[in-house]
Amino acid sequence: MMKSIKYIIGILLFFSTSCADEFLEKLPKDQLTEATTFTSSANFATYAWGFYNTFPGYWDHNTIFRERASDLMVNNSGTQGDPLLWQLKTVPSSSSTWTNAYVSIRRANLMLSNIDNSEMTAAEKDHWRAVGLFFRAYEYVELVATYGAVPWVDQVLAETDEASLYGPRTPRDEVAKNILDDLLWAEANINPAGNGPNTVNTDVVRALISRFGLYEGTWRKYHGLGNEQTYLQACVEASQKLLADHPNLHPSYDGVFNSESLAGVQGVLLYKAYEFGILNGRFSHWNRSSIGHEDLTKKAADQYLCTDGQTIHTSPLFDGEEDAYDEFRNRDHRFYFNTPPPFRVDTDGRNQLTWKFDADERHREYIDLMATLSDDTHKTLPTMNWRGLIVRTSPHFRKFNEGHGFNVTYSGYAFYKFYNKISRLQNRDSHDAPIFRMGEVLLNYAEAAFELGQFTQEVADQTINKLRVRGNVAPLDLANIVEDPTRDVDVAPALWEIRRERGVEFLAEGLGRVFDIKRWKKLVEYGGQEKLGRWVRNADYGNKLPIQGGAAEGYISPWGPPPGVPEHYYLEPIPSDQIVLNPKLEQNPSWQ
């Protein structure tokens, strides 16, 4: 059995580039047809490998870049605001989100339609039907989150079947029910072990039920659609089963994202494997380069609690924000794994591969700390670029970088969650990417339980507090929650802490901070907030940094306050080419 999902070598490459019937037509018809392809369990296994390409990984820009529209991340080039936040979105002529999803759905339907006539046993038929339903549901989860109501297709459509090919959007209630029904059937009938290590199995199906149940349930609650309990309860039940089978997490937060192999790692349910020469990752390389990608915002930095479990606004352990060393002291260790703590080293004024401690001992505080939290192949300080050139100081800025323009930041909080020094080669990362992990399941469970009135101290200890242990943060005590002065007044304190933990744990993983904000119905509110960076004295940086309000000192502000987000941005517009092809498709409200 292969080590992991290889996406894919040899013949499997055919499946990643075309829908199934196109693939079949390109091969000799006397050698490979539907009748000969879909016969044995082994045939179905080979066909199903093509579905795994749908899972995002570290090379998938969109899963990370779409976080720029959230309140926690910012484009570190500082050149323009995200279109969502600056009212620059338009109806696209086409969208891979739409077209790729329906290609995958069609492939799933083709497989499903050939199960009954195969030579497989009843158990094998149930397993592969469950796999097909899972992958079809996976695509529909994304479609519903993006567009709302979409056409539901559960059979292979012929070009002559115009009524089905060009029908209207299926009501969201019906699509959501179909997704949940399919996933519940898959959960009950899939082979518990999948088709071997690191394949879709009972745990993975439950993880998707957990994800979808929370999303759909909270969307329905906050957007007034009703019937939220059905989906929230499905989330709770699936999450409880997973928690019973996977009670422990991998002890290293950084190790979840920067390990050469996630095989057998506690809490990782499914992962994408990267391997030199077969599938090379890039994100660690980008986190070590001058290429502009993402920074954390000040709001993101402030979410990280002090080790006593209190916020920076209330904790006596917080030493202030006007000095970078003070700001990072006594904080959640996940803060140190998502953005580099401050340091300064001596490289003799040159860009070189070696360094020595700076004469001022205060500059080694976090170098020494990170040596105890990490190792030389991961996140020890100082940081370096992909060539091994040493970064002399952090923070250092795109507009003021002391002569080394690599690993620069705009906000002052460089993003380096996927940074490691395993390979130190350009475009040649090999660390595996988690697809479904228990960290997500725990937070899905906590939030759904709260929404159902079931969030107790016992649930907090099973979920939130397991995650806090990895950050060396005191546990959440529901009887003694210290008031956060920045809390939304319409969000209960316990729910506020659950949402905070979600922002901290999932930062820039592509799990959808923007989707979270949308399902909470907070897009308009959060989208109108000015994105800020670190507090600085501009004179210390040659007066080259943009400060909020043009002041001499204060928070970095890349663009100033945004104009606000229109209400109709909660759903994306249907691509115009789809409406041209199918006039029965109605555009989402207010999109022109």
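Conventions adopted
Residues numbered from 1 in each chain as written. Predicted model: local features only at pLDDT ≥ 70, side-chain atom pairs only at ≥ 80, totals over all residues. Heavy atoms only, no water. Helix = DSSP H or I, 4+ residues; strand = E, 2+ residues; numbered from the N terminus. Buried < 20%, exposed > 50% of the residue type's maximum accessible area, 1.4 Å probe, protein only. Core = buried A, V, L, I, M, F, W, Y, C linked by side-chain atoms within 4.5 Å. Contact = heavy atoms within 4.5 Å. Pairing = 2+ DSSP bridges. Phe/Tyr/Trp six-rings, centres within 6.5 Å; stacked < 30°, edge-to-face > 60°. Lys NZ or Arg CZ within 6 Å of the ring centre and 35° of its normal. Expected span 1.5 Å × (residues − 1). Axes fitted to C-alpha atoms, helices over the stretch in contact; angles between N-to-C directions. Parallel < 35°, antiparallel > 145°, perpendicular 65-115°, else oblique. Left-handed = near helix turned anticlockwise from the far one by under 90°. Nonpolar A, V, L, I, M, F, W, Y, C, P; charged D, E, K, R; others polar. Salt bridge = Lys/Arg side-chain N within 4 Å of Asp/Glu carboxyl O.

A. Spatial organisation of unusual backbone geometry. Looking along the chain, the bond that leaves Leu381 and enters Pro382 is cis, with omega of 0 degrees. As for its position among the elements, Pro382 is in the loop between α17 (365-373) and β6 (393-394). Between Ser394 and the following residue, Pro395, the backbone shows a cis peptide bond with an omega angle of 5 degrees. One can find Pro395 in the loop between β6 and β7 (433-437). Non-glycine residue Asn330 carries a positive phi angle of around 65 degrees. Relative to the assigned elements, Asn330 resides in the loop between α15 (324-328) and α16 (333-338). Assessed through its relative accessible area of 30%, Asn330 is described here as partly exposed.

B. Highlighting the nonpolar core. Core analysis: the largest hydrophobic core is formed by 83 residues, its most contacted members being Phe55, Phe134, Tyr140, Ile179, Phe436 and Phe455. The biggest single contributor to this core is helix α7 (residues 122-147), with 13 residues. If we skip the residues at most four places from it in the chain, Phe134 touches Phe55, Leu183, Val200, Val204, Val205, Leu208 and Phe436.

C. Layout of the pairing of β7. Of all five residues that make up β7, five are buried, and the element is covered over most of its length. The pairing of strand β2 (residues 268-272) with β7 spans four bridges and is antiparallel. Considered in β7, the bridge of Lys272 is made with Ala433.

D. The arrangement of the side chain of Thr380 in detail. Assignment of secondary structure puts Thr380 in the loop between α17 and β6. If we ignore the near neighbours within four places in the chain, the residues touching Thr380 are Met370, Ala371, Ser374, Asp375 and Lys421.

E. The packing of aromatic side chains, seen in detail. Under the counting rule described, the total for this entry stands at 35 aromatic pairs. Ring plane angle 80 degrees and centroid distance 6.5 Å describe the contact between Trp86 and Trp559, whose orientation is recorded as edge-to-face. Of the two residues, Trp86 is situated in the loop between β1 (73-75) and α6 (96-113) and Trp559 in the loop between β9 (553-555) and α24 (576-581); the sequence distance between them amounts to 473 residues. A network of ring pairs unites the aromatic residues Phe38, Phe44, Tyr47, Trp49, Phe51, Tyr52, Phe55, Phe134, Phe135, Tyr138 and Phe436 as a single cluster. We note Arg107 situated over the ring of Tyr47; from NZ or CZ to the ring centre the distance is 4.4 Å. Above the ring of Phe257, the side-chain terminus of Lys417 is found at 4.5 Å from the ring centroid.

F. Local environment of the sheet that holds strand β4 (residues 343-346). One open sheet accounts for three strands, arranged β5-β4-β6; its pairing is antiparallel. Strands at the two margins of the open sheet, each flanked by one partner only, are β5 (356-357) and β6. Bridge count for β4 against β5 is two bridges, and the pairing is antiparallel. Directly across from Asp346, in β5, lies its bridge partner Lys356.

G. Region of the structure containing helix α9 (residues 172-189). For α9, built from 18 residues, the straight-helix expectation of 26 Å at 1.5 Å per residue is met to within 8% by its first-to-last C-alpha distance of 26 Å. Every buried residue belonging to α9 is among Arg172, Val175, Ala176, Asn178, Ile179, Leu180, Asp182, Leu183, Ala186 and Glu187, and all of these are buried.

H. View of the packing of helix α18 (residues 438-451) against helix α21 (residues 493-505). One can describe the packing of α18 onto α21 by two numbers: an axis separation of 10 Å at closest approach and a directional angle of 160 degrees. Here α21 runs roughly antiparallel to α18, going by the angle between their axes. With respect to the hand of their crossing, α18 and α21 are arranged in left-handed fashion. Only Ala494, Leu495, Ile498, Arg499, Glu501, Arg502 and Glu505 of α21 make contact with α18, whose side of the interface consists of Gly439, Leu443, Asn444, Ala446, Glu447, Phe450 and Glu451. Within the contact of α18 with α21, the residues separate by chemical class into six nonpolar, two polar and six charged.

I. Quick peek at the pattern of salt bridges. In total, this model carries 49 salt bridges according to the counting rule given. A salt bridge links Lys298 to Glu327; its shortest N-O distance comes to 2.9 Å. You can see Lys298 sitting in helix α14 (residues 298-303) and its partner Glu327 sitting in helix α15, a full 29 residues away along the chain. With a relative accessible area of 5%, Lys298 lands in the buried category.

J. Summary view of the packing of α7 against α9. For the pair α7 and α9, interaxial distance at closest approach is 8 Å and the crossing angle is 150 degrees. In this structure, α7 meets α9 at a crossing whose hand is left-handed. Contacts between α7 and α9 pair Asp126, His127, Arg129, Ala130, Leu133, Phe134, Arg136, Ala137, Tyr140, Val141 and Val144 from the former with Arg172, Val175, Ile179, Asp182, Leu183, Trp185, Ala186 and Asn189 from the latter. Across the contact of α7 with α9, the residue classes tally to 12 nonpolar, two polar and five charged.

K. Expanded view of the environment of Ala108. Within the secondary structure, Ala108 is located in helix α6. Residue Ala108 is classed as buried on the basis of its relative accessible area of 0%. Separated by 23 residues in the primary sequence, Ala108 and Val131 place their C-alpha atoms 8.7 Å from one another. In this view, Ala108 contacts Phe51, Gly132 and Arg136; residues no more than four positions away in its chain are not counted.

L. Here's a closer look at the environment of Tyr325. By the secondary structure assignment, Tyr325 is in helix α15. Tyr325 sits in the buried class, given a relative accessible area of 7%. Note: C-alpha distance between Tyr325 and Arg362 (37 residues apart in sequence) is 8.4 Å. When neighbours within four sequence positions are excluded, Tyr325 is seen to be in contact with Pro342, Phe343, Arg344, Arg362, His363, Glu365 and Tyr366.

M. Region of the structure containing the side chain of Asn198. By secondary structure assignment, the location of Asn198 is in the loop between α9 and α10 (202-222). For Asn198, a relative accessible area of 12% gives the class buried.

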